[in-house]
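Observations on the model geometry
Residue strings, one per chain:
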Amino acid sequence: MKVSVVKETAPGERRVALVPESVAKLRATGLEVVVESGAGDAAWFTDDSYAESGASVVDRAEALSADVVVMVGKPDDATLARLRAGQVLIGMLSPLTDPDLVRALAAAGVTAISLDMLPRTLPRAQPMDALSSQANIAGYHAALMAATEYGRFFPLLITAAGTARPARVLVLGTGVAGLQAIGTARRLGAVVSAYDVRPETRAEAESVGATFIELSSVGAASGAGGYARELTEDEREAQQHELAGHIARHDVVITTAQVPGRRPPLLVSEDALKAMAAGSVVVDMGASPLGGNVAGSVPSDTVTTENGVTIVGADHLPARMPSAASAMYARNVSALLRYLLSDGALVLAGDDELTAGVVITRDGAIVHPALSEQASQPEEPA
Ligand code: NAD
């Protein structure tokens, strides 16, 4: 069976789905691996290094003709048009927020496997958990960006030229990315507080060195599968209002809140920004064209409010650390391939919870329950 890696086409994407180390390991399982020329360039994995690991370096057309095509993100229209029925596509396809792509993949007869749909709480899914591997990188990088933008020190510094007090950092959302942001800010010497709408995250946040904040106006909002549920409008308003008081007492805020399949919740309102001191920094990891966790954040851009608060629209952070992110993603993909591989072929057993969780289209149909339900529902206003 031939597995191929193609060059990503999304703007700013620098990751590659397999790195030379993973190619060598996959070849040891009997798979043939081909790599599109230049696929790893932006992450500093050269064609030569793939060839040395046993891959054939080919052009895009040949790479796209393999039995299994592996990507990091989604295929663009031109890529999609070249896929054929029966081919397997593996990537992080964001199917919950891109029903058009799901329909197109089904119409093309492609067997699409979306790593971001992995049932992450299954112990055997851990090595394949690309959302966690990439969130870890994003959380780390968000803390570094905050430190770079902040015009003062993160640690307590006592010098002959004076003493700097440590920065007060608030992390909103303490999932995988938030916990890594807390740990990184702490390692840089900041005093860190954290908040999440799932109170069960308190112990984890405290274990990496944050003081956990509880809001009296919003109750627990734990949803299915270890995720948060979407808040009601009343809850959202109460949350924003009460959070504003805490935000004003911090120098740096890093927001990481997500609700699967929904636009990110707004946590830092315009009023909250107005109450922050000049020179404060807010890093919005939820920044998206639909709006992020922070009012006025612009994806992939940095803006400053009239009262001197810097807002960093920190989307696509894993692509900013492309070597580490690619290496971790490649291990996740390789683990999935090895899991599905039996006698040299991918076996997609519908009665296996993990497999059923990631396969979204097959034999011309949308087969994932969450997506076929969504496809049969009328479209919600954005
Ligand atoms: P995520 O990226 O979906 O969200 C990040 C955080 O934002 C979450 O902690 C969420 O509770 C929080 N959030 C959402 N709405 C919010 C709001 N309005 N206000 C404040 N916070 C809000 O989450 P994630 O990092 O992907 O992880 C979600 C959970 O899944 C975590 O508990 C994680 O530990 C768990 N998980 C478990 C496993 C496992 O069991 N092996 C693996 C991976 C993740």
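Everything numeric here is computed off the predicted structure, so don't read it as measured data. (Residues numbered from 1 in each chain as written. Predicted model: local features only at pLDDT ≥ 70, side-chain atom pairs only at ≥ 80, totals over all residues. Heavy atoms only, no water.)

1. Some points on the overall build of the protein
In terms of helices and strands, the protein carries 13 helices and 19 strands. In summary, the protein has a C-alpha radius of gyration of 22 Å against a globular reference of 21 Å for 382 residues, a match within 12%. For the protein, restricting intrachain contacts to residue pairs at least 6 apart in sequence, the fraction spanning at least 24 positions comes to 61%. Surface summary for the protein: the accessible area is close to 16700 Å², and the carbon and sulfur share equals 53%. Computing the positive centroid from 30 side-chain charges and the negative centroid from 45, the protein places the two 5 Å apart. (Helix = DSSP H or I, 4+ residues; strand = E, 2+ residues; numbered from the N terminus. Rg over C-alpha atoms; globule rule 2.2 N^0.38 Å. Contact = heavy atoms within 4.5 Å. Areas by Shrake-Rupley, 256 points an atom, 1.4 Å probe, with all protein chains shown as cover. Lys, Arg positive; Asp, Glu negative; His and termini not counted. Charge placed at Lys NZ, Arg CZ, Asp CG, Glu CD.)

2. So, the packing of helix α6 (residues 130-149) against helix α7 (residues 176-187)
Running from N to C, α6 and α7 cross one another at 40°; their axes reach a closest spacing of 7 Å. For the crossing formed where α6 meets α7, the hand is right-handed. Counting all contacts with α6, which are made through Ser132, Ala135, Asn136, Gly139, Tyr140, Ala143 and Leu144, the residues of α7 involved are Val176, Ala177, Gln180, Ala181, Thr184 and Ala185. Within the contact of α6 with α7, the residues separate by chemical class into 8 nonpolar, 5 polar and no charged. (Axes fitted to C-alpha atoms, helices over the stretch in contact; angles between N-to-C directions. Left-handed = near helix turned anticlockwise from the far one by under 90°. Nonpolar A, V, L, I, M, F, W, Y, C, P; charged D, E, K, R; others polar.)

3. Some words on the nonpolar core
Grouped together as the largest cluster of nonpolar side chains are 42 residues, with contacts concentrated most on Leu18 and Ile113. At 7 residues, helix α11 (residues 322-340) tops the list of elements feeding residues into this core. Counting residues in each nonpolar core, the second largest holds 30 residues, with Ala135, Val171, Ala190 and Ala205 among its members. (Core = buried A, V, L, I, M, F, W, Y, C linked by side-chain atoms within 4.5 Å. Buried < 20%, exposed > 50% of the residue type's maximum accessible area, 1.4 Å probe, protein only.)

4. Concerning the pattern of salt bridges
Going through the model one piece at a time under the given rule, you end up with 16 salt bridges. Arg198 is the partner of Glu200 in a salt bridge, and the nearest nitrogen-oxygen pair spans 3.8 Å. Arg229 is the salt-bridge partner of Glu235, the closest N and O atoms lying 2.9 Å from each other. Residue classification places Glu235 among the buried positions, given a relative accessible area of 17%. The exposure class assigned to Arg229 is partly exposed, which follows from its relative accessible area of 31%. (Salt bridge = Lys/Arg side-chain N within 4 Å of Asp/Glu carboxyl O.)

5. A look at the site of the ligand
Around the ligand lies a shell of 24 residues, among which Arg120, Gln126, Val176, Asp196 and Arg198 are the nearest. In this structure, Gln239 approaches the ligand through a side-chain N or O atom, which is 2.9 Å from a nitrogen atom. For the ligand, whose unbound accessible area comes to 830 Å², protein coverage reaches 84%. Broken down by class, the residue content of the shell around the ligand amounts to 10 nonpolar, 10 polar and 4 charged. In terms of domain composition, the shell around the ligand takes at least three residues from each of domain 1 (2-128 + 322-375) and domain 2 (138-315). (Near = heavy atom within 4 Å. Polar contact = N/O pair within 3.5 Å; in protein donor to acceptor, adjacent residues only side chain to side chain. Domains from an automatic or database assignment.)

6. Things to note about the sheet that holds strand β14 (residues 302-304)
Pairing in this open sheet of 7 strands is mixed, and the strands run β11-β10-β9-β12-β13-β15-β14 from one edge to the other. For this open sheet the edge positions go to β11 (211-212) and β14, each flanked by a neighbour on one side alone. In this structure, strand β12 (residues 252-255) lies alongside strand β13 (residues 281-284), joined through 4 bridges in parallel fashion. Paired with Val252 across the two strands is Val281, which belongs to β13. Across the sheet, helix α9 (residues 233-248) is in contact with β9 (168-172), β10 (191-195) and β12; its angle to β9 comes to roughly 160°. (Pairing = 2+ DSSP bridges.)

7. Considering the packing of α6 against α11
The contact between α6 and α11 brings their axes to 9 Å, and the two run at 165°. As far as their axial angle goes, α11 and α6 are roughly antiparallel. Considering how the two elements wind past one another, α6 and α11 form a crossing that is right-handed. Here Ala130, Ser133, Gln134 and Ile137 of α6 come into contact with α11, specifically with Ala324, Ala325, Met328, Tyr329 and Asn332. Considered class by class, the residues forming the contact of α6 with α11 number 6 nonpolar, 3 polar and no charged. (Parallel < 35°, antiparallel > 145°, perpendicular 65-115°, else oblique.)

8. What to know about the domain arrangement of the protein
In terms of domains, the protein is made up of domain 1 (2-128 + 322-375) and domain 2 (138-315). Taken over C-alpha atoms, the centre of domain 1 sits 32 Å from the centre of domain 2. The interface is formed by 4 residues belonging to domain 1 together with 4 residues belonging to domain 2. A buried area of about 300 Å², summed over both sides, lies between domain 1 and domain 2, and 58% of it is on carbon and sulfur atoms. The largest per-residue losses of area from domain 1 upon contact with domain 2 belong to Leu96, Thr97 and Arg120, which jointly make up 84% of the total buried on that side. Viewed at the interface, domain 2 and domain 1 are joined by 0 salt bridges. (Buried area = accessible area lost by both parts, 1.4 Å probe.)

9. A word on unusual backbone geometry
At Ser94, a position not held by glycine, the phi torsion is positive, near 45°. On the secondary structure map, Ser94 appears in the loop between β5 (88-91) and α5 (99-107). By relative accessible area, which is 27% here, Ser94 ends up partly exposed. A positive phi is found at Asp363, a non-glycine position, where the angle reads about 50°. Looking at the secondary structure, you find Asp363 in the loop between β18 (359-362) and β19 (365-366). Overall, the relative accessible area of 70% leaves Asp363 in the exposed class.

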